[in-house]
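# Report on the structure
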Amino acid sequence: MSKEIIRVNDFSLFFEMINSLNKMVDGVKCVINGYGLTIYTKNDFSKCEITTNCVVSDNEISFCIRDLGILSKVLSTLNTLYGNDIENSIKIYYEQPFIKIESKKFKTKLNTIDEDSIRNFITEKVKTDLTPQLEFTTNSSLIRSINNYSFITNDKNATRIYIESNSEMENNVIFAKVGNESNETENYAVMELGLITSGVLSDRKIIIDFDRLNMLNILPSDEINVQIANERPVMISKTMKSGKNNSFLNINIYVFMMVK
């Protein structure tokens, strides 16, 4: 089979995307064409939709990667070797069943696999219309602060994060209560998660855990927009990042809440 060239418009954005996905799943299905790269993936409690033009291909190609950790380590090596001039220093090909990366300082061949091998990680674009009951903005720093309070409870496996507003504290602020409401003797801490931009939470119970919280922060950012869907127990995070050569990265995360 002939080589299909994968052109890299922004290596740093591509590297960041792979590292983000590696926090969520082991493997993904990639579809690349002249518009860019599309990935629809999932784990047990969330879905992820990625569209980006940080890499493109003249002809549409599709392949599956079993181990994103291996690809991440390869890209890290290239990043160390070439730095800012990397787009002009490397060539990436798809020559079924291999991804090949070639340069004057480094060369590698990575195997791809069939879809059935990673079927549990593959999904489709979300087509259900979801309207927000409440919208708020948060950031990576606030999410890290909440993560640092995993010590507050005695039973880590039973720890939950309750998303709530609190009229006794600050208005227009959404809070994260870290604790376990099923145990009245358990410790808890209430901390700021973000600022409400529209809607009201009313008396709706929103329960997640640390794994779900961290899905909102899959692409670290100073501004993460989150919606709590009205129709279903889903939190939606939408993050967009721009790069060089007019490149962009859009990541939509759908986090399924923990329902009592």
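Residues numbered from 1 in each chain as written. Predicted model: local features only at pLDDT ≥ 70, side-chain atom pairs only at ≥ 80, totals over all residues. Heavy atoms only, no water.

This next bit is on the overall build of the protein. The helix and strand inventory of the protein stands at four helices and 17 strands. Taking the principal axes of the C-alpha coordinates as reference, the protein spans close to 65 × 35 × 35 Å. Counting over 260 residues, the protein shows a buried share of 49%. A total of about 13,500 Å² of accessible surface is found on the protein, and carbon and sulfur atoms cover 43% of it. (Helix = DSSP H or I, 4+ residues; strand = E, 2+ residues; numbered from the N terminus. Buried < 20%, exposed > 50% of the residue type's maximum accessible area, 1.4 Å probe, protein only. Areas by Shrake-Rupley, 256 points an atom, 1.4 Å probe, with all protein chains shown as cover.)

Attention now moves to helix 1 (residues 11-22). A turn of α-helix holds 3.6 residues, and therefore any two residues three or four places apart point the same way. Between its first and last C-alpha atoms helix 1 spans 16 Å; for 12 residues at 1.5 Å apiece the expected length is 16 Å, and the two agree. Phe 11, Leu 13, Phe 14, Phe 15, Met 17, Ile 18, Ser 20 and Leu 21 are the residues of helix 1 that are buried. Measuring from the side-chain oxygen of the N-cap residue of helix 1 to the backbone nitrogen of Ser 12 gives 3.1 Å; that N-cap residue is Asp 10. (Expected span 1.5 Å × (residues − 1). Polar contact = N/O pair within 3.5 Å; in protein donor to acceptor, adjacent residues only side chain to side chain.)

Let's shift gears to the side chain of Gln 133. With respect to the element layout, Gln 133 can be found in strand 10 (residues 132-138). The contacts of Gln 133, once residues within four sequence positions are left out, are Ser 198, Gly 199, Val 200, Leu 201, Ser 202, Arg 204, Ile 228, Ala 229 and Asn 230. (Contact = heavy atoms within 4.5 Å.)

With that settled, consider the packing of aromatic side chains. Under the defined criterion, the tally for this structure stands at three aromatic pairs. The ring of Tyr 93 is capped by Lys 3, whose NZ or CZ atom sits 4.5 Å from the centre of that ring. (Phe/Tyr/Trp six-rings, centres within 6.5 Å; stacked < 30°, edge-to-face > 60°. Lys NZ or Arg CZ within 6 Å of the ring centre and 35° of its normal.)

A few words now on the sheet that holds strand 9 (residues 107-111). Strand order in the open sheet formed by five strands is 5-1-7-8-9, with antiparallel pairing between adjacent strands. What marks the edges here is a single partner per strand, and that holds for strand 5 (55-56) and strand 9. Where strand 8 (residues 98-102) and strand 9 come together, five bridges link them in antiparallel fashion. Residue pairing in the sheet places Phe 98 in a bridge with Asn 111 of strand 9. (Pairing = 2+ DSSP bridges.)

With that settled, the discussion passes to unusual backbone geometry. With an omega dihedral of 5°, the bond running from Gln 96 to Pro 97 counts as a cis peptide bond. Mapped onto the fold, Pro 97 is located in the loop between strand 7 (91-95) and strand 8. Its identity as a non-glycine residue notwithstanding, Asn 245 has a phi of 55°, on the positive side. Residue placement: Asn 245 occurs in the loop between strand 16 (234-242) and strand 17 (248-256).

For the rest of this paragraph, the subject is the sheet that holds strand 6 (residues 61-65). Strand order in the open sheet formed by 12 strands is 6-2-3-4-17-16-15-10-13-12-11-14, and the pairing between neighbours is antiparallel. A strand with exactly one partner marks an edge of an open sheet, and here the two such strands are strand 6 and strand 14 (206-208). Averaged over all pairs of adjacent strands, the angle between their axes in this sheet comes to 25°, without regard to strand direction. Bridge analysis of strand 2 (residues 28-33) against strand 3 (residues 36-42) gives three bridges, and the strand direction is antiparallel. Note that in strand 3 the partner of Val 31 across the bridge is Thr 38. Each of strand 2, strand 3, strand 4 (46-52), strand 16 and strand 17 is contacted by helix 1, which is oriented at about 10° to strand 3, the strand it contacts most. (Axes fitted to C-alpha atoms, helices over the stretch in contact; angles between N-to-C directions.)

Our focus in this paragraph is the side chain of Ser 57. Inspection of the secondary structure puts Ser 57 in the loop between strand 5 and strand 6. According to the relative accessible area criterion, Ser 57 is buried, its value standing at 0%. At 3.4 Å, the side chain of Ser 57 and the backbone oxygen of Ile 5 are in polar contact. Not counting residues up to four positions away in its chain, the partners in contact with Ser 57 are Glu 4, Ile 5, Ile 32, Asn 33 and Gly 34.

The subject of this paragraph is the pairing of strand 6. A regular strand carries its side chains on alternate faces of the sheet. Of all five residues making up strand 6, four are buried, and the element is well covered by its neighbours. With five bridges connecting them, strand 2 and strand 6 associate as antiparallel partners. Within the sheet, the bridge partner assigned to Val 31 lies in strand 6 and is Ser 62.

Further remarks concern the pattern of salt bridges. The final tally for this structure, using the stated rule, is 12 salt bridges. A salt bridge links Lys 3 to Glu 102; the nearest nitrogen and oxygen atoms lie 3.7 Å apart. Here Glu 102 lies in strand 8 and Lys 3 lies in the segment before strand 1 (4-8), a separation of 99 residues in the sequence. The partly exposed category is assigned to Glu 102, whose relative accessible area is 23%. Across the pair Lys 100 and Glu 95 runs a salt bridge whose closest N-O atoms are separated by 2.7 Å. Each of Lys 29, Glu 115, Asp 116 and Arg 119 takes part in one network of salt bridges that share partners. (Salt bridge = Lys/Arg side-chain N within 4 Å of Asp/Glu carboxyl O.)

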